[in-house]
Amino acid sequence: MNQILDGIDSVVTAISGVLYMPWVPLLLLAAGLFFTFRSKFIQIRLLGESFRVVSEKPKTKGSISSFGALMISTASRVGTGNIVGVSTAICLGGYGAVFWMWVTAILGGASAFVESTLAQIYKRKNKDGSSYGGPSYYMETALRQRWLGVVFAIIIILTYAVGYNMLASYNLQSAFAGFSFYGDHSPFLIGLILAVLFAACVLGGAHRLTKVTGTLVPIMGVLYVVIALVVVLMHLNLVPTVFQNIFASAFDFPAIFGGFAGSCMMEGIKRGLYSNEAGMGSTPHAHAQANVTDPHDQGVVAMVGVFIDTFVVLTLNALVIISTLYTADGPLAGGYVG
């Protein structure tokens, strides 16, 4: 069994070494730049409108609203990437990685607009009037490349069913490892509970998933933000220094270009893309389900998800991590490796 797992690990590591270091992040960043200039900075121009559109009711009673679709996509975005991802970026890339995560989110707002608008334009209808769609469908219809849509569908299923969900469940159960009640059977029990809860949500269809995320995501988000704000306020005197260090480290060009693959810029870009998921083709599936007047409306709503993910949750988490690393002996005494 160990040999099989080692073989799988070596294959995944080899693929990751080619794609993730650094071609895919750079391609996603390039796409964000292209969409930003092509749309004349739509993520900035229409940010105010995006918050207005979120509150609109669906055209058909009982269908999924823009807010419901936003909650599903936010449930996908906000999670491991905001907690483990930002801490990993800071540890490996230093303070400046946070700045490049912000830059990635700004550019990612345009990518989120484009992919979610396309999902609305090329979505399909069920017999009951509900909608479904995503990148596979606009690859088939707009690009007329059905094979590409099939390949994407297989990859996205493997990514989430095997990759992201397993990673999130592992991180969740490992968080309990520090408690005294954690034993040999704890991973199995935690995994079983997660599997039951997941099945209860997913097997109920899109409407149940929307109801669950529409209730849980705002509650979790508010609780997380409140707790993070309490910690930040406890270290309020350090916040200006934290921002100063973030910007100073972000523009330490000799350090960046001396070791680009592991620099704060590269770590920030990679972890930022992992966190906000803009351009990855995951969240358009949720936005395709929304019942809106115009596809453009759901595109601007998608930008809200990126904003919440990065400039609220991720930033607060970064402030908590960095400000609490200060000790009586000075900043980051006894343990900084970035």
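Let me sum up the structure you'll find in this document. These figures come from a predicted structure and were not determined experimentally. (Residues numbered from 1 in each chain as written. Predicted model: local features only at pLDDT ≥ 70, side-chain atom pairs only at ≥ 80, totals over all residues. Heavy atoms only, no water.)

1. A closer look at the overall build of the chain
Here's step 1: Looking only at helices and strands, the chain has 15 helices and two strands in total.
Here's step 2: Relative to its 338 residues, the chain shows a buried fraction of 41%.
Here's step 3: Restricting to contacts in the chain with at least 6 residues of sequence separation, those with at least 24 account for 79%.
Here's step 4: Of the roughly 18,000 Å² of accessible surface on the chain, a fraction of 71% belongs to carbon and sulfur atoms. (Helix = DSSP H or I, 4+ residues; strand = E, 2+ residues; numbered from the N terminus. Buried < 20%, exposed > 50% of the residue type's maximum accessible area, 1.4 Å probe, protein only. Contact = heavy atoms within 4.5 Å. Areas by Shrake-Rupley, 256 points an atom, 1.4 Å probe, with all protein chains shown as cover.)

2. Examining helix α8 (residues 146-175)
Here's step 1: Here α8 is 30 residues long and its end C-alpha atoms lie 42 Å apart, about the 44 Å a rise of 1.5 Å per residue gives.
Here's step 2: Of all the bends in α8, the greatest measures close to 35° and is centred on Y160.
Here's step 3: Taken together, the buried positions of α8 are G149, F152, I156, Y160, Y164, N171 and Q173. (Expected span 1.5 Å × (residues − 1). Bend = angle between axes of the 7 residues up to and from the residue.)

3. Let's talk about the environment of A89
Here's step 1: Topologically, A89 is positioned in helix α5 (residues 80-93).
Here's step 2: You can call A89 buried: its relative accessible area is 0%.
Here's step 3: As a C-alpha pair, A89 and G272 span 183 residues in sequence and 8.7 Å in three-dimensional space.
Here's step 4: Those residues in contact with A89 that sit more than four places away from it in its chain are G94, A97, M101, E267 and R271.

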